[in-house]
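Now for the letters of each chain:
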Amino acid sequence: MAKLIKNQQIIDDTWQVLALDAEADAAGVTVPAGQWLVPLAVWQAQPALAARGDVAPLLDGADDPAALADQLATLPLVAVNFPKFVDGRGYSIATLLRSRYGYTGELRAVGDVLRDQFNAYFRCGFDALSPAAGKYTDAQLEAALASLADFTEPYQASIAHRDPLFRRHHRSAA
Amino acid sequence: MYRYDAYDQKLVDERVAQFTNQTERYLAGELSEDEYRPLRLQNGVYIQKHAPMLRIAVPYGNLRADQVRKLAHIARTYDKGYGHFSTRQNMQFNWPRLETIPTILGELATVQMHAIQTSGNCIRNVTSDPFAGVAADERVDPRPWCEILRQWSTFHPEFAFLPRKFKIAVNGAADDRAVIRAHDIGLELVTNAAGELGFRVFVGGGLGRTPIIGQEISTFVAWPHLLTYCEAILRVYNRFGRRDNMYKARIKILVKALGAEAFRDQVEAEWAHLKDGPATLTQAEVDRIAACFVDPDYAALPATDAGYTAALAENKPFAAWAKRNVRAHKQPGFASVVLSLKKTGIAPGDITDGQLDTVADFADRFSFGEVRVTHEQNVVLADVRQSDLFALWQAARDAGLATPNIGLLTDIVCCPGGDFCNLANAKSIPIAESVQRRFDDLDYLHDIGELELNISGCMNACGHHHVGHIGILGVDKNNEEWYQITIGGRQGNDASLGKVIGPSFAAADVPDVIETLINTYIAHRHEDELFIDTVHRIGVEPFKQAVYGDKTPAQRKVANG
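Residues numbered from 1 in each chain as written. Chains lettered and ligands numbered in written order. Predicted model: local features only at pLDDT ≥ 70, side-chain atom pairs only at ≥ 80, totals over all residues. Heavy atoms only, no water.

## Here's the deal with the overall build of chain B
- From N to C terminus, chain B includes 19 helices and 21 strands.
- Relative to its length of 561 residues, chain B is compact, with a C-alpha radius of gyration of 23 Å against a globular reference of 24 Å.
- Here chain B, with 561 residues, has 63% of them falling under the buried criterion.
- Summed over its atoms, the accessible surface of chain B is roughly 20200 Å², and 50% of this surface lies on carbon and sulfur atoms.
- Within chain B, one finds 60 positive and 70 negative side-chain charges whose respective centroids are separated by 5 Å. (Helix = DSSP H or I, 4+ residues; strand = E, 2+ residues; numbered from the N terminus. Rg over C-alpha atoms; globule rule 2.2 N^0.38 Å. Buried < 20%, exposed > 50% of the residue type's maximum accessible area, 1.4 Å probe, protein only. Areas by Shrake-Rupley, 256 points an atom, 1.4 Å probe, with all protein chains shown as cover. Lys, Arg positive; Asp, Glu negative; His and termini not counted. Charge placed at Lys NZ, Arg CZ, Asp CG, Glu CD.)

## Examining the pairing of strand β4 (residues 36–39) of chain A
Residue and element names in this part refer to chain A.
- In the sheet, strand β3 (residues 16–17) pairs with β4 via two bridges, with the strands oriented parallel. Along β4, the bridge assignment pairs valine 17 with leucine 37.
- The pairing of β4 with strand β5 (residues 55–59) spans four bridges and is parallel. Residue pairing in the sheet places leucine 37 in a bridge with alanine 56 of β5.
- With respect to chirality, the unit in which β4 leads through helix α1 (residues 40–45) into the neighbouring parallel β5 is right-handed. (Pairing = 2+ DSSP bridges. Right-handed = clockwise from strand over helix to strand, strands pointing away.)

## Observations regarding the confidence of the model for chain B
- With 98% of its residues at a pLDDT of at least 70, chain B reaches an overall mean of 95.
- Ignoring residues within four places in sequence, the model shows residues 557–561 of chain B, a span with pLDDT below 50, making five contacts including any to other chains. (pLDDT = per-residue confidence, 0-100. Contact = heavy atoms within 4.5 Å.)

## Notes on the side chain of Glu106(A)
Residue and element names in this part refer to chain A.
- Examined against the element boundaries, glutamate 106 turns out to sit in strand β7 (residues 106–111).
- Glutamate 106 gets classed as buried once you look at its relative accessible area, which sits at 9%.
- In terms of polar contacts, glutamate 106 uses its side chain to reach the side chain of lysine 6, at 2.8 Å.
- Once residues within four sequence positions are removed from consideration, glutamate 106 is found in contact with Leu4, Lys6, Pro76, Leu77, Val78, Arg98, Asp127 and Ala128. (Polar contact = N/O pair within 3.5 Å; in protein donor to acceptor, adjacent residues only side chain to side chain.)

## Concerning the pattern of salt bridges
- Using the criterion set out here, one finds 52 salt bridges over all chains in the structure.
- Arg200(B) is the partner of Glu188(B) in a salt bridge, and the nearest nitrogen-oxygen pair spans 3.1 Å. Taken as a pair, Glu188(B) in strand β8 (residues 185–191) and Arg200(B) in strand β9 (residues 197–203) lie far apart in primary sequence, twelve residues in all.
- Judged by its relative accessible area of 13%, Glu188(B) falls in the buried class.
- Through salt bridges with shared partners, a single ionic network connects Arg171(A), Asp5(B), Asp8(B), Glu147(B), Arg150(B), Glu285(B) and Arg288(B). (Salt bridge = Lys/Arg side-chain N within 4 Å of Asp/Glu carboxyl O.)

## Describing the pairing of strand β15 (residues 379–385) of chain B
Residue and element names in this part refer to chain B.
- Among the seven residues in β15, six count as buried, and that is most of the element.
- Where strand β12 (residues 334–339) meets β15, five bridges bridge the pair, whose relative direction is antiparallel. Across the sheet, residue valine 338 finds its bridge partner in β15, namely valine 380.
- The loop that links strand β14 (residues 370–373) with its antiparallel partner β15 comprises five residues; one of these, glutamine 377, has a positive phi angle of about 70 degrees.

## A closer look at the packing of helix α6 (residues 226–240) of chain B against helix α8 (residues 260–274) of chain B
Residues and elements named next belong to chain B.
- One way to put it is that α6 packs onto α8 with a least axis distance of 8 Å and a crossing angle of 120 degrees. When the axis of α6 is compared with that of α8, the two are oblique. Once α6 is placed against α8, the crossing between them reads as right-handed. Residue-level contacts link Thr228, Tyr229, Glu231, Ala232, Ile233, Arg235, Val236 and Phe240 of α6 to Phe263, Gln266, Val267, Glu268, Glu270, Trp271 and Leu274 of α8.
- Its residues placed into classes, the contact of α6 with α8 shows nine nonpolar, two polar and four charged. (Axes fitted to C-alpha atoms, helices over the stretch in contact; angles between N-to-C directions. Parallel < 35°, antiparallel > 145°, perpendicular 65-115°, else oblique. Left-handed = near helix turned anticlockwise from the far one by under 90°. Nonpolar A, V, L, I, M, F, W, Y, C, P; charged D, E, K, R; others polar.)

## Observations regarding the state of the cysteines
- One pass over the full model with this rule turns up zero disulfides over all chains.
- With no disulfide partner, Cys124(A) has as its closest neighbouring cysteine sulfur the one in Cys122(B), 14 Å distant.
- Cys230(B) forms no disulfide, and the closest cysteine sulfur to it belongs to Cys146(B), at a distance of 11 Å.
- Note on Cys230(B): relative accessible area 2%, which makes it buried. (Disulfide = S-S within 2.5 Å.)

## What to know about the nonpolar core
- Membership of the largest hydrophobic core comes to 113 residues, with the highest contact counts inside it found for Trp145(B), Leu149(B), Phe166(B), Ile185(B), Val201(B), Ile233(B) and Phe263(B).
- In terms of residues, this core owes the most to one element, α6(B), which gives nine residues.
- Not counting chain neighbours up to four residues away, the residues in contact with Phe263(B) comprise Val203(B), Ile217(B), Ile233(B), Val236(B), Ile251(B), Leu254(B), Val255(B) and Leu258(B).
- By size, the runner-up hydrophobic cluster in this structure holds 48 residues, among which are Val31(A), Phe82(A), Val110(A) and Cys124(A). (Core = buried A, V, L, I, M, F, W, Y, C linked by side-chain atoms within 4.5 Å.)

## Examining the side chain of Ser86(B)
- For Ser86(B), the position within the fold is in the loop between β4 (82–85) and β5 (91–93).
- Not counting the four nearest positions on each side in its chain, Ser86(B) is found in contact with Gln92(B), Thr374(B) and Gln377(B).

## Some thoughts on the interface of chain A and chain B
- Contacts between the two partners involve 42 residues from chain A and, on the opposite side, 47 residues from chain B.
- For the pair chain A and chain B, the two sides together bury roughly 3800 Å², of which 56% comes from carbon and sulfur.
- By the criterion of area lost to chain B, the three top residues of chain A are Phe151(A), Tyr155(A) and Arg171(A), representing 19% of everything that side buries.
- There are seven salt bridges connecting chain A and chain B.
- Ionic pairing is found between Glu270(B) and Arg100(A), a salt bridge with its closest N-O pair at 2.6 Å.
- Between chain A and chain B we count 24 residue pairs in polar contact (both at pLDDT 80 or more) in total.
- When contributions to the side of chain A that touches chain B are tallied by element, the ones reaching two or more residues are α2 (89–98), α3 (118–123) and α5 (165–168) of chain A. (Buried area = accessible area lost by both parts, 1.4 Å probe.)

## Considerations on the sheet that holds strand β1 (residues 45–47) of chain B
Residues and elements named next belong to chain B.
- Ordered in space as β1-β2-β5-β4-β13, the five strands form an open sheet in which the pairing is antiparallel. The outermost strands of the open sheet, each flanked by one partner alone, are β1 and β13 (350–352). In this sheet, adjacent strand axes meet at a mean angle of 30 degrees when their direction is disregarded.
- Sheet analysis places β1 next to strand β2 (residues 52–56), joined by three bridges and oriented antiparallel. Bridge pairing links tyrosine 46 to methionine 53 in β2.
- Sheet strands touched by helix α3 (residues 65–78): β2, β4 and β5. Its angle to β5, the strand with the most contacts, is close to 15 degrees.

## Structural notes on the domain arrangement of chain B
Residues and elements named next belong to chain B.
- Split into domains, chain B comes out as domain 1 (6–109), domain 2 (134–291), domain 3 (306–398) and domain 4 (413–560).
- The gap between the C-alpha centroids of domain 2 and domain 4 is 32 Å.
- At the interface, ten residues of domain 2 touch twelve residues of domain 4.
- Counting the surface lost from both domain 2 and domain 4, the interface buries some 1000 Å², and carbon and sulfur atoms represent 63% of this.
- It is Val179, Leu207 and Ile213 in domain 2 that bury the most area against domain 4; as a group they hold 42% of the surface buried on that side.
- Inspection of the domain 2/domain 4 interface yields zero salt bridges.
- Counting across the domain 2 and domain 4 interface gives four residue pairs in polar contact (both at pLDDT 80 or more).
- Across the side of domain 2 that touches domain 4, the residue classes tally to six nonpolar, one polar and three charged. (Domains from an automatic or database assignment.)

Set out below in structure tokens:
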């Protein structure tokens, strides 16, 4: 079973991603039983999914997180897809969900999620990281937990550090 | 200069540890080439023709003597005894072994230096005026604001993987010496009618494949809002900049596609949520950083030093050097000195380990222990007593750092080009040298007057050829190296892009073509008119006519043999 880092612990990942072909009909696709992350188009086309409790929306880089603004309080989780780790749109989406839209539930990074970006994910508000299945051995993933804390006192305000360094600490004159 | 506190130091140390671990995993095969590439780039490591190239950050061009000595040590120990100052005020080493780079970064960290975000699709080293703090035309010292931006942009978690690289420049003087309108964000320090300090904001400037002059999106952002406003720009860009085509991924393409007004509206809408939030700057933080940039302890001196005046009158070579390489200073009795890295036969911007040590000694002896790097690839001692200029000149001459050519045709701005760079279409250093050799007569050079010649080995435009009065661009045609020439570009307040004069030339013809352009200028110039002004007055046509005559491009090629 794939592994998930949640709240800095490694746990089994019980959710799966529902892949949708470009031509597929978002309204017609069947979401089977079990826990599924579904593309925003499916989530929006099938309002009944919201009542299931075991289906959650998966935002892509081009999606507008505002689309979920009214539902955030009731979602089991929100996932953000990183198709490639160098596609940084998900960091802004996460930041917006946590700040502008006040989302407090599980925020999960899925896709090309690599340990060298764990710290940035964490600081942008992700509390769940789902590297691709098989990407890391258990031992590698254990070692990778250290990357969450690559930078302990970053300069900027972010989701993890509400205030920038100059407001968090007194910095004496150089 | 800014000095690290424990927090700054810890971040840099943590970066060394992080990159050391990443490089170990790469060398052990745990990290793939594709996974490692962006990580090494964000630490300034390119894989080049001969070896990795390491680009070290020189924040807004400022260095202390101990840092310059460290660069000398690195050049000597890990490289081939020289380094290269780039057009973004950074230092590049062309020959380090990948395995040694974590160690080099560790050494740099001991003198408060690093290679963070000197490449990659992230916010790069902030650049500024090399005469900040000493120029007579300065309204506001840009350096504290550069440092504030440096800290904000360093390891910003949201903006580490932008669509493309992102460059910010700050100017605080009447004359723009930071080419702010050729940057993704250009910031001009201004004061509004109420006397408040703030920034005029330009976005979407840049050279490269699609050269565009930046457009103004705000006439005034008050200083407390600098970071939230930049954050709004970056967020709009990060979300909506193109990622499907790396050649269309810079913010300038987004600004152009939306139009400056629509882009500004998006930024303002985003900013409305961020304004007055936690990232709003505090007076205490600005004061803390500004305290690092107060004037040094200048002695009270007469406006003109009698010994200096006498030496100018008696010594012609010294006077020639002073005319070109010494600049007026805001403080009576002081001057700023440009040490030329444009000696004929040496690649523009290159400096040896011994010269670096010498520059560090000069800094300690003559200029309060500080040095600046210019984007024209020279080195500045900003605070020299007039009474020391003669001694400095003699020592600089001995070190090969006193070529009296600053601002003249042979003060060529030039990228490393095909000799080193993987991206280059053509060599650029030999072109620079061939032009320097052609114009080796100093009196003639001075008669031609101020003229900026910029050479880029490819359209990425590291040599900023678009804004050279004369620009030379290396192009590839059927696997042969050719050179396209533009005239009429300029940096500064009236920044403009040069116009191509016609079909390109073989390397051997470039000095002739430059000479023809110069002769055309001399034939047409009004008294005291600079080359660039003549070009703008009479247009490109007379130059074109002189270079190509009635030849068609095909005939020209035959004529070239």
